[in-house]
Amino acid sequence: MATVTLEYNARSIQAQKTLEYILSLGFFRNITVNQAVKKSRLEQSLEDVDKGNVFFLAGPAKL
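1. Quick notes on the overall build of the chain
Scanning the chain for helices and strands turns up 2 helices and 0 strands. Burial analysis of the chain (63 residues in total) assigns 2% to the buried set. Total accessible area on the chain is roughly 6800 Å²; 57% of this is exposed by carbon and sulfur atoms.

Here it is in structure tokens:
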């Protein structure tokens, strides 16, 4: 028996639907879903910056 580990963006509807489809096929037994610890908004933002998902950084309003 082998173990498969997937890492995906839980906010992605396409990823969720794909995972649901794969699980519905019934090829896998003993399925466990481990949800990652929720990150604060600051941690998520810094992670997005590190991964290059940020295309525009809005700073404080200039008067």
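2. Looking at the pattern of salt bridges
Evaluated as defined, the whole model comprises 2 salt bridges. Glutamate 47 is paired through a salt bridge with lysine 39; the nearest N and O atoms lie 2.2 Å apart. Here glutamate 47 ties to lysine 51 by a salt bridge, and the two come within 3.1 Å at their closest N and O atoms. Here glutamate 47 and its partner lysine 51 are both found in helix H2 (residues 41–51), 4 residues apart, which amounts to about one turn of the helix. Classification of lysine 51 as exposed rests on a relative accessible area of 53%. One salt-bridge network, in which partners are shared between bridges, spans Lys39, Glu47 and Lys51.

3. Quick look at a nonpolar patch on the surface
Together, Val4, Leu6, Tyr8, Tyr21, Ile22, Leu23, Leu25, Phe27, Phe28, Ile31 and Val33 make up a nonpolar patch on the protein surface, roughly 1100 Å² of accessible area in all. Within the secondary structure, leucine 6 is located in the segment before helix H1 (13–24). Overall, leucine 6 belongs to the exposed group, its relative accessible area being 54%.

4. Notes on H1
For H1, with 12 residues, the first-to-last C-alpha span of 16 Å sits near the 16 Å given by 1.5 Å per residue. Just downstream of H1, glycine 26 is the residue with a positive phi angle, here 85°.

5. Notes on the environment of valine 33
Turning to its location among the elements, valine 33 is positioned in the loop between H1 and H2. With relative accessibility at 55%, the residue valine 33 sits in the exposed group. Spatially, the C-alpha atom of valine 33 lies 9.8 Å from that of leucine 6, the residues being 27 residues apart in sequence.

Criteria and thresholds
- Residues numbered from 1 in each chain as written.
- Predicted model: local features only at pLDDT ≥ 70, side-chain atom pairs only at ≥ 80, totals over all residues.
- Heavy atoms only, no water.
- Helix = DSSP H or I, 4+ residues; strand = E, 2+ residues; numbered from the N terminus.
- Buried < 20%, exposed > 50% of the residue type's maximum accessible area, 1.4 Å probe, protein only.
- Areas by Shrake-Rupley, 256 points an atom, 1.4 Å probe, with all protein chains shown as cover.
- Salt bridge = Lys/Arg side-chain N within 4 Å of Asp/Glu carboxyl O.
- Patch = residues over 30% accessible without salt bridge, like charges linked within 9 Å, V, L, I, M, F, W, Y side chains within 5 Å.
- Expected span 1.5 Å × (residues − 1).

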